[in-house]
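Read off the chains here:
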Amino acid sequence: MKKSLLLCLLLTIVFTAKAQDLIRFDSEGKVGFKNSTGEIVIPASNLYPEDFPDGLLGIKLNDKFGYIDVTGKTIIPLIYDNGKKFYKETAIVLLDKKMLLIDKTGKIIKKLKYTIIGWSKEDVTNVGLDDKYGRIYNTTGEEIIPPIYDAMPRFRSADFTTWVKLNNKWGTIDKLGNIILPIRYDDIGATLNDNYRVEVNGKYGLMNNSKKLTDVKYDSIGDFKDGFSIVKMSNKFGFIDSLGKELTPITYDYLTSFSEDVATAINNNHWWLLNTKGEKIQLFYNDSLNYRMVDSFREGLCCVKFEDKIGYINKKGNLVIPLLYDEGTRFEDGIAFVGLNNKWGVIDYIRNEIISLEYDEISTLWDGTLEATKGAEKFYFDKKGKKATSPYEK
C-alpha cells in the first residue's frame, strides 16, 4: 500500500456551529458542549477533562479553528485555518497558509516558514513546505528535519519511527531524522514486533530497526497471526516467525493460518497438520486414504470430509467423530450443527445428539438460544439441548 501524507487534528473536534462560547455539560465523567440554544455540538462521548492539554481544546467551527477551555469559553478566537493541540503552553496554527507558533493567550511567539501541518507526537510535528516535508519542535519551532522528503506519513504508534519517501523510494527515520532503513525500497509496511515488510521489484522481505531478518525473496508475506506469517515463493507456501526464521520449508501447495496452534496444509495433493513447533502429521483415513477437505481447528476438533461425508478429527489426526454427516459446522461452545438427509441437529464433542436430527434449519440467536425450525413451527433450546423459552417472549 503506497502511502500519502495524512493530516490529523489530534484532539480536535470538527462541527458546524456559530463561533461563540459553548456551554459545558458532564455525563458519566465525560465532557460535552452545547450552544446557547441547547443543541449539542460536542457530544460527551469521548472527551474527559484530562483531554484538554494545558486546559485548552482545539475545535473547528464553520471551517475556522480556535481553542476553548473546559467550561466552553472561547479563549483563542476561531480565526485559524488549522491547528494542533497545545503542548507545554504553545501550539502550532495555520492562518492564510502561514504557520504560527502561539501561546495560551493567542499571542504570536514566532512566525514559521512552513505551509502544511502534518502529524504530531508529543513534542514534535511533521510540517510541509512547497510539497516537501520535514519536522520541527512544537515548543520552539526549531527545525529538526529540513523539508526534503516527498512524503512523511504518520508516526508508528509504538515510537517515533516514520516512513519517508524520496525519489519514489521508501525508508524509515527516527525522531531526529537519522536513517533507520535505507531509502531504497518500493514500499514498506509494518508487521509484528517492530518489524517491517519491505518490497523491492515485486519481492518481499522482513526487517527490523537493526538488521535484515530475511532475504528479499518472497512473492508475498502475509499478516502475522499468533506469531507466524504465511509466505509465498514460486507458488509454494510456508511459515516464517516474527524473527524471519522459516518454520517450515516453502513447499506447500495450500496453507491455512494457525488456529489453536495447528494449521492445515496440502503437499503433493495430500493433507497435513502442522504445529507451531514445526512438527507435522500426515493425515490418512483408514490408514491409507486422503481426505477430500480439512477445515481449521475450533475447540480442539476439525471438520473433515471424505467422499461425501463429514466427520471430525483431533489434533493428533485421529477421527473421533465418524464420517456420518452430509454437512457440519465448526464447534462453538461445545456444540456443532450437523446435517443428514436435509435434516439438522446438534452434537457435542463425543457425538451425543444434543438436539436430534429432525429439523429443517437450526441457528443461534443473539442471546445464545438455539432456534430450530420444522415446517412452519419453531422450537427453542439452550446449548445443552433443554427446551427454552423464545427470547422474543422474554
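Our subject is the structure that appears above.
Quick notes on the rules
- Residues numbered from 1 in each chain as written.
- Predicted model: local features only at pLDDT ≥ 70, side-chain atom pairs only at ≥ 80, totals over all residues.
- Heavy atoms only, no water.
- Helix = DSSP H or I, 4+ residues; strand = E, 2+ residues; numbered from the N terminus.
- Rg over C-alpha atoms; globule rule 2.2 N^0.38 Å.
- Contact = heavy atoms within 4.5 Å.
- Areas by Shrake-Rupley, 256 points an atom, 1.4 Å probe, with all protein chains shown as cover.
- Lys, Arg positive; Asp, Glu negative; His and termini not counted.
- Charge placed at Lys NZ, Arg CZ, Asp CG, Glu CD.
- Pairing = 2+ DSSP bridges.
- Axes fitted to C-alpha atoms, helices over the stretch in contact; angles between N-to-C directions.
- Core = buried A, V, L, I, M, F, W, Y, C linked by side-chain atoms within 4.5 Å.
- Buried < 20%, exposed > 50% of the residue type's maximum accessible area, 1.4 Å probe, protein only.
- Phe/Tyr/Trp six-rings, centres within 6.5 Å; stacked < 30°, edge-to-face > 60°.
- Disulfide = S-S within 2.5 Å.
- Salt bridge = Lys/Arg side-chain N within 4 Å of Asp/Glu carboxyl O.

## Digging into the overall build of the chain
Inference 1: A tally of regular secondary structure across the chain gives zero helices and 39 strands.
Inference 2: For the chain, whose C-alpha radius of gyration is 30 Å, the value lies well above the compact-globule estimate of 21 Å for 394 residues.
Inference 3: With the C-alpha coordinates of the chain rotated into their principal frame, the extents come out at 80 × 60 × 25 Å.
Inference 4: Within the chain, contacts between residues separated by at least 24 positions form 30% of all contacts whose residues are at least 6 apart in sequence.
Inference 5: Accessible area for the chain stands at about 20000 Å²; split by element, carbon and sulfur atoms hold 48% of it.
Inference 6: Here the chain contributes 55 positive and 55 negative side-chain charges, whose respective centroids are spaced 5 Å apart.

## Let's talk about the sheet that holds strand β38 (residues 370-374)
Inference 1: Taken in spatial order, the three strands make up an open sheet running β37-β38-β39, and their pairing is antiparallel. Since the sheet does not close on itself, it has two edges, and those belong to β37 (361-364) and β39 (377-381), each with one partner. Each strand axis lies, on average, 20° off the axis of its neighbour in the sheet, ignoring direction.
Inference 2: Taken together, the four bridges between β37 and β38 define a ladder with antiparallel strand orientation. Note on β38: the bridge partner recorded for E361 is T373.

## Points about the sheet that holds strand β11 (residues 108-112)
Inference 1: The sheet built from four strands is open, its strands ordered β8-β9-β10-β11 with antiparallel pairing. Two strands bound the open sheet, and with one partner strand each, they are β8 (82-83) and β11.
Inference 2: Two elements, strand β9 (residues 90-95) and strand β10 (residues 98-103), share six bridges in a ladder whose sense is antiparallel. For V93, the partnering residue across the bridge sits in β10 and is L100.

## Here's the deal with the nonpolar core
Inference 1: Among the nonpolar cores identified, the biggest contains 14 residues, and L283, Y291, V294 and I313 are the most heavily contacted of them.
Inference 2: Secondary-structure elements contributing two or more residues to this core are β26 (262-267), β27 (270-275), β29 (293-298) and β30 (301-306).
Inference 3: Ranked by the residues each element gives to this core, the list is headed by β30, at three residues.
Inference 4: The contacts of V294, once residues within four sequence positions are left out, are T264, W271, L283, C302, C303 and V304.

## Remarks on the packing of aromatic side chains
Inference 1: Scanning all chains against the criterion turns up 16 aromatic pairs.
Inference 2: An angle of 65° between the planes, with centres 6.2 Å apart, marks the rings of F33 and F52 as edge-to-face. Highlighted residues: F33 in strand β3 (residues 30-34) and F52 in the loop between β4 (40-42) and β5 (57-61), separated in sequence by 19 residues.
Inference 3: The class for F33 is buried, based on a relative accessible area of 0%.
Inference 4: According to the relative accessible area criterion, F52 is buried, its value standing at 5%.

## Comments concerning the state of the cysteines
Inference 1: Taken as a whole and judged by the stated rule, the model has zero disulfides.
Inference 2: Looking at the unpaired C303, the closest cysteine sulfur is the one in C302, lying at 7.0 Å.
Inference 3: Judged by its relative accessible area of 4%, C303 falls in the buried class.

## With respect to the side chain of S296
Inference 1: With respect to the helices and strands, the residue S296 is situated in strand β29.
Inference 2: On the basis of relative accessibility, which here comes to 15%, the residue S296 falls in the buried class.
Inference 3: When near neighbours in sequence (up to four residues on either side) are disregarded, S296 contacts T256, S259, L301, C302 and R330.

## Details of the pattern of salt bridges
Inference 1: Applying the stated criterion across every chain yields a total of 18 salt bridges.
Inference 2: Residue D219 is joined to K203 by a salt bridge in which the shortest nitrogen-to-oxygen separation is 2.4 Å. Of the two residues, D219 sits in the loop between β21 (203-207) and β22 (220-221) while K203 sits in strand β21, which places them 16 residues apart along the sequence.
Inference 3: Exposure remark for D219: the relative accessible area of 24% places this residue in the partly exposed category.

## Looking at the pairing of strand β19 (residues 187-190)
Inference 1: Examined bridge by bridge, β19 and strand β20 (residues 196-200) share four bridges and lie antiparallel to one another. What sits directly across from G189, in β20, is R197.
Inference 2: The turn joining β19 and β20, which pair antiparallel and follow one another in sequence, is formed by five residues; a positive phi near 55° is taken by N193.

## Let's talk about the environment of I148
Inference 1: With respect to the helices and strands, I148 occurs in strand β15 (residues 143-149).
Inference 2: For I148, a relative accessible area of 41% corresponds to the partly exposed category.
Inference 3: Considered as a pair, I148 and R135 are 13 residues apart in the sequence and their alpha carbons are 10.0 Å apart.

## A few points about the pairing of strand β32 (residues 319-325)
Inference 1: Both strand β31 (residues 309-313) and β32 contribute to a ladder of three bridges, which runs antiparallel. The residue bridging I313 from the neighbouring strand is L319, located in β32.

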